[in-house]
Amino acid sequence: MGMKELFGLPDETKEKNVHSKPHRKTGYLSKIEAVPLFESLGIINAHILDEARAFTDLMWPNGNPAICRTIHSAAKMLQELERVVRKMIFQYLGVGDYYDSNIKNSDNVFRVLKYKAPRSDESDIGLPPHTDKSILTILYQDMNGLEFLSKEGQWLQTQPGTFTVLAGEAQMAWSNGRIHAPTHRVIMRGGKDRYSYAIFATPNDGATVEIPKELIDKDRPLQFRSFNTWISSSTCMTILIWIILSKYTQA
Ligand SMILES: O=C(O)CCC(=O)C(=O)O
Ligand SMILES: [Fe+2]
């Protein structure tokens, strides 16, 4: 998707991608001491053509219609997929009536990410273990490296050329702990630069994440008591999403 061309721009150009909401992981992230291999550019609502164009016009003063089209269509596809998955989750939890207002109170950040191949004296950690703050993240990787921590404490690899859906902390909180936000990391193997892109659906600034009353009862009061109380149902959910998604992406 023109990632090499994009990341090949001078740093001063990429640094122009500043956003007024730095906490939203937009803007240009690079030269972070803890993650020296990592570099990323984020665009809010890139599924809207004008937003994608504003970004490419900033990077290329004479415009770059080809990359603009690619970013826009990738972001649109991921945004649509994210809504399908979010709807499935709401239906699965029996709270479909909340879907429309939940969508209204959220937007998304599209990010392109690059990890440079580590030198022999550098660590192979692309991104250390973390959970996302998002509602849902959908991620595409061109080569492997993304790994998930299973509840048995093992790191599970994901396949290159596939889409991965993961729930973030906003979804975990909203579902009153029913949906698990998995810990994941990126490990660089194979001596080549790695590129990925992702959409992060997030609650709008200022929107309160209201936990549906249907998801609160005496067995599951409004707080996170322990991960163990909900890990098995969330594992089922993860598997369900994987099955449905693999069908969706083959279509
Ligand atoms: O590049 C990847 O595969 C993972 C990125 C990621 O986990 C993140 O940006 O939160
Ligand atoms: Fe992540």
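Residues numbered from 1 in each chain as written. Chains lettered and ligands numbered in written order. Predicted model: local features only at pLDDT ≥ 70, side-chain atom pairs only at ≥ 80, totals over all residues. Heavy atoms only, no water.

Looking up the protein chain in an unreviewed UniProt entry gives the name Fe2OG dioxygenase domain-containing protein, with the organism given as Papaver atlanticum. A UniProt comment under Sequence similarities (unreviewed entry) is attached to the protein chain, and it reads "Belongs to the iron/ascorbate-dependent oxidoreductase family." (UniProt positions renumbered as here; feature names shortened; annotations may be inferred.)

A. Structural detail: the coordination of the iron ion (ligand 2). Around the iron ion (ligand 2), the protein contributes the donor atoms His130 (NE2), Asp132 (OD) and His184 (NE2), which lie 2.1 to 2.2 Å from the metal centre. Each donor residue of the iron ion (ligand 2) lies on one chain, and together they are spaced H-x1-D-x51-H. Remark: His184 occurs in strand β9 (residues 184-187) and His130 occurs in strand β4 (residues 125-130); sequence separation between them is 54 residues. You can call His130 partly exposed: its relative accessible area is 22%. (Donors = N, O, S within 2.8 Å, 3.2 Å for Na, K, Ca; no water. Helix = DSSP H or I, 4+ residues; strand = E, 2+ residues; numbered from the N terminus. Buried < 20%, exposed > 50% of the residue type's maximum accessible area, 1.4 Å probe, protein only.)

B. Structural view of the nonpolar core. Leu6, Ile71, Phe110, Val112 and Tyr197 are the most contacted members of the largest nonpolar core, which has 42 residues in total. Of the residues forming this core, the biggest block, 11 residues, is contributed by helix α4 (residues 65-93). Ignoring anything within four residues of it in the chain, the contact list for Val112 reads Met1, Met3, Leu6, Phe7, Glu39, Ser40, Leu41, Ser196 and Tyr197. Counting residues in each nonpolar core, the second largest holds 14 residues, with Val35, Leu37, Val186 and Ala198 among its members. (Core = buried A, V, L, I, M, F, W, Y, C linked by side-chain atoms within 4.5 Å. Contact = heavy atoms within 4.5 Å.)

C. Seen up close, the pairing of strand β8 (residues 163-167). Among the 5 residues of β8, 5 are classified as buried, and the element is accordingly described as predominantly covered. Every second residue of β8 is oriented toward a common face, with Phe163, Val165 and Ala167 on one face and Thr164 and Leu166 on the other, all of them buried. In the sheet, strand β5 (residues 136-141) pairs with β8 via 5 bridges, with the strands oriented antiparallel. Directly across from Leu136, in β8, lies its bridge partner Ala167. (Pairing = 2+ DSSP bridges.)

D. Main features of helix α3 (residues 49-59). Those residues of α3 not exposed but buried are Ala52, Phe55, Thr56 and Met59. Seen from one end, α3 has its buried residues packed into an arc of 90°, which puts them on one side. Tucked into the core, α3 has its buried residues touching α1 (3-7), α2 (11-14), β2 (38-44) and α4. (Arc of directions from axis to C-beta.)

E. Structural view of the sheet that holds β5. The strand order across the open sheet formed by 6 strands is β1-β2-β3-β10-β5-β8, and the pairing between neighbours is antiparallel. In this open sheet, the two strands that pair with only one neighbour each are β1 (27-29) and β8. Averaged over all pairs of adjacent strands, the angle between strand axes in this sheet comes to 20°, irrespective of strand direction. With 7 bridges joining them, β2 and strand β3 (residues 106-115) adopt antiparallel strand pairing. When the bridges of β3 are listed, Gly42 appears paired with Arg111. Seen against the sheet, α4 touches β2, β3, β5, β8 and β10 (194-203) and runs at an angle of roughly 50° to β10. (Axes fitted to C-alpha atoms, helices over the stretch in contact; angles between N-to-C directions.)

F. Structural view of the environment of Leu93. Here Leu93 shows up in helix α4. A C-alpha to C-alpha distance of 8.0 Å links Leu93 and Leu215, two positions 122 residues apart in sequence. Setting aside residues up to four positions removed in sequence, Leu93 forms contacts with Trp174, Ser175, Arg178, Ile179 and Leu215.

G. The arrangement of the site of ligand 1 in detail. Tyr115, His130, His184, Arg194 and Ser196 are the nearest of the 14 residues found near ligand 1. One nitrogen or oxygen atom from the side chain of Asp132 is found 3.1 Å from an oxygen atom belonging to ligand 1. If ligand 1 stood free it would expose 300 Å²; the protein chains cover 99% of that surface. Residue assignment for the shell around ligand 1 shows that the elements contributing at least two residues are β3, β4, β9 and β10. The class makeup of the residues in the shell around ligand 1 is 7 nonpolar, 3 polar and 4 charged. (Near = heavy atom within 4 Å. Polar contact = N/O pair within 3.5 Å; in protein donor to acceptor, adjacent residues only side chain to side chain. Areas by Shrake-Rupley, 256 points an atom, 1.4 Å probe, with all protein chains shown as cover. Nonpolar A, V, L, I, M, F, W, Y, C, P; charged D, E, K, R; others polar.)

H. Structural detail: the pattern of salt bridges. Counted by the stated rule, this structure contains 14 salt bridges. In this structure, Glu82 engages Arg86 in a salt bridge whose closest nitrogen and oxygen atoms are separated by 2.8 Å. Of this pair, Glu82 and Arg86 both sit in helix α4, separated by 4 residues, roughly a single helical turn. Judged by its relative accessible area of 4%, Glu82 falls in the buried class. Taking relative accessible area as the criterion, Arg86 reaches 2% and is therefore assigned buried. Residue Glu122 pairs with Arg119 through a salt bridge whose shortest N-O separation is 3.7 Å. Look at the salt bridges and you will find they share partners, linking Asp11, Lys14, Lys31 and Glu39 into a network. (Salt bridge = Lys/Arg side-chain N within 4 Å of Asp/Glu carboxyl O.)

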